[in-house]
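Structural characterization, general
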Amino acid sequence: MVVIGRHLSGLGLDFYHREVVPFRRGIVSLRAGDEWIGLLFELLWTRFNCHGWYDNGGRFLAVLPPLEFA
């Protein structure tokens, strides 16, 4: 699922999405230079806005170990 980021901080993330996010927890992947960082994320709130999008926000729970692809 690809979302549009709104606010990013060291504690969490707010974002927009066209549909309701069906999960409470997930993995957020963010690009940092030439690498990707995986963060365990907990969705804490969702609201429908006047533009037809869903505003969502939550907090980061943990940094995940990097994945190695063969």
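Fair warning: this is a prediction, and the values are worked out from it, not measured in the lab. (Residues numbered from 1 in each chain as written. Predicted model: local features only at pLDDT ≥ 70, side-chain atom pairs only at ≥ 80, totals over all residues. Heavy atoms only, no water.)

Counting secondary structure elements, the protein contains zero helices and five strands. Taken over the C-alpha atoms alone, the protein extends approximately 45 × 20 × 20 Å along its principal axes. Residues classed as buried in the protein amount to 26% of the 70 residues present. Contacts in the protein between residues at least 24 apart in sequence constitute 41% of all its contacts with a sequence separation of at least 6. Carbon and sulfur atoms make up 59% of the accessible area of the protein, which amounts to about 5,500 Å² in all. Between the centroid of the 7 positive side chains of the protein and the centroid of its 7 negative side chains there is a distance of 9 Å. (Helix = DSSP H or I, 4+ residues; strand = E, 2+ residues; numbered from the N terminus. Buried < 20%, exposed > 50% of the residue type's maximum accessible area, 1.4 Å probe, protein only. Contact = heavy atoms within 4.5 Å. Areas by Shrake-Rupley, 256 points an atom, 1.4 Å probe, with all protein chains shown as cover. Lys, Arg positive; Asp, Glu negative; His and termini not counted. Charge placed at Lys NZ, Arg CZ, Asp CG, Glu CD.)

Where strands meet in a sheet, backbone hydrogen bonds hold them as pairs that are either parallel or antiparallel. Reading across the sheet, the five strands line up as β1-β2-β5-β4-β3 and stay open at both edges, with antiparallel pairing between neighbours. The open sheet has two free edges, formed respectively by β1 (4–8) and β3 (25–32), since each of these has just one partner strand. The average undirected angle you get between the axes of adjacent strands in this sheet is 40°. Sheet topology note: the β3/strand β4 (residues 35–48) ladder contains eight bridges and is antiparallel. (Pairing = 2+ DSSP bridges. Axes fitted to C-alpha atoms, helices over the stretch in contact; angles between N-to-C directions.)

Within the largest apolar cluster, eight residues are counted, these being Leu13, Phe15, Val21, Val28, Leu39, Phe41, Leu43 and Phe60. Secondary-structure elements contributing two or more residues to this core are β2 (12–17) and β4. Take this core: its biggest share by element is three residues, from β4. Excluding its chain neighbours within four sequence positions, the residues that come into contact with Val21 are Met1, Phe15, Leu43 and Asn56. (Core = buried A, V, L, I, M, F, W, Y, C linked by side-chain atoms within 4.5 Å.)

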